[in-house]
Amino acid sequence: MNDSSSPAPSPVVLDVWCELQCPDCRTALGDLDALRERYGERLDIRLRHFPLEKHKHAFAAAQAAEEALAQGKGWEYVRAVLDRAEELDRAGEPLLVAVAGELGLDAEEFDTALVDGRHILIVDADQAEGKALKVTGTPTYVIGGERLDGGKTQEGLRTRVEEIADRLLAG
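Residues numbered from 1 in each chain as written. Predicted model: local features only at pLDDT ≥ 70, side-chain atom pairs only at ≥ 80, totals over all residues. Heavy atoms only, no water.

Taking an unreviewed UniProt entry as the reference, the chain is identified by name as Thioredoxin domain-containing protein belonging to Streptomyces rutgersensis. Regarding the chain, the UniProt comment filed under Sequence similarities (unreviewed entry) reads as follows: "Belongs to the thioredoxin family. DsbA subfamily." (UniProt positions renumbered as here; feature names shortened; annotations may be inferred.)

Novice: Before we go on, may I ask you to explain the overall build of the chain in this structure?
Specialist: Scanning the chain from terminus to terminus reveals eight helices and four strands. Computed over C-alpha atoms, the radius of gyration of the chain comes to 17 Å, within 12% of the 16 Å expected from 2.2 N^0.38 for 171 residues, which places it in the range of a compact globule. The principal-axis extents of the C-alpha atoms in the chain amount to approximately 50 × 45 × 25 Å. If you take every contact in the chain between residues at least 6 apart in sequence, the share linking residues at least 24 apart comes to 69%. Carbon and sulfur atoms provide 50% of the accessible area of the chain, an area that totals close to 9,000 Å². Taking the average location of the 20 positive side-chain charges in the chain and that of its 33 negative ones, the two points are 6 Å from each other. (Helix = DSSP H or I, 4+ residues; strand = E, 2+ residues; numbered from the N terminus. Rg over C-alpha atoms; globule rule 2.2 N^0.38 Å. Contact = heavy atoms within 4.5 Å. Areas by Shrake-Rupley, 256 points an atom, 1.4 Å probe, with all protein chains shown as cover. Lys, Arg positive; Asp, Glu negative; His and termini not counted. Charge placed at Lys NZ, Arg CZ, Asp CG, Glu CD.)

Novice: What exactly am I supposed to notice about the packing of helix α3 (residues 74-82) against helix α5 (residues 93-102) here?
Specialist: When two helices pack together, you describe them by how their axes are tilted relative to each other and by the distance separating the axes. Two numbers describe how α3 lies on α5: the axes approach to 10 Å, and their chain directions differ by 130°. In terms of their interaxial angle, α3 and α5 are classed as oblique. α3 and α5 meet at a crossing whose hand is right-handed. Two secondary-structure elements touch here, α3 through Y77, A80 and V81 and α5 through L96, V99 and A100. (Axes fitted to C-alpha atoms, helices over the stretch in contact; angles between N-to-C directions. Parallel < 35°, antiparallel > 145°, perpendicular 65-115°, else oblique. Left-handed = near helix turned anticlockwise from the far one by under 90°.)

Novice: Whenever I open this one, the environment of A65 confuses me. Can you help?
Specialist: Residue position: A65 is located in helix α2 (residues 58-70). Sequence spacing of A65 and Y77 is twelve residues, and the spatial spacing of their C-alpha atoms is 6.5 Å. What A65 contacts, discounting residues up to four positions off in sequence, is L20, L47, H49, G74, Y77 and V78.

See below:
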């Protein structure tokens, strides 16, 4: 096969430090949707976990999100849980399993994953890396080595992410 086209450049990575009981993270989903629409495969939006102590089910929710990722519906699950963050505060882990079932995921496997803790190391590693990067709230974005704090305000953040992504993709 004679293919003279050059390989596609590596996508730019956008790490999104998120917490599934955080109303600001729910608001940020619109920006993430717009970024996916604009960049497609050229921007790799990666979910990173930063559960906050003030939210008692955030650590379990982060583990559940990893199980959803393993089952192929990570961001869909994140959106569904964020849409019910207030309910999660009241219902706890049973809601995490119920949402999995509603999305057609293996709810029994979710329950097992939360019990056996198979995703704890990923969540712990994300949280440790976030602390090292001085993440203090969610959402926080890291792109091109630059940290953008959406926990304080999301005003202008998408524009800033686009500026950085455009520069990195052009370079």
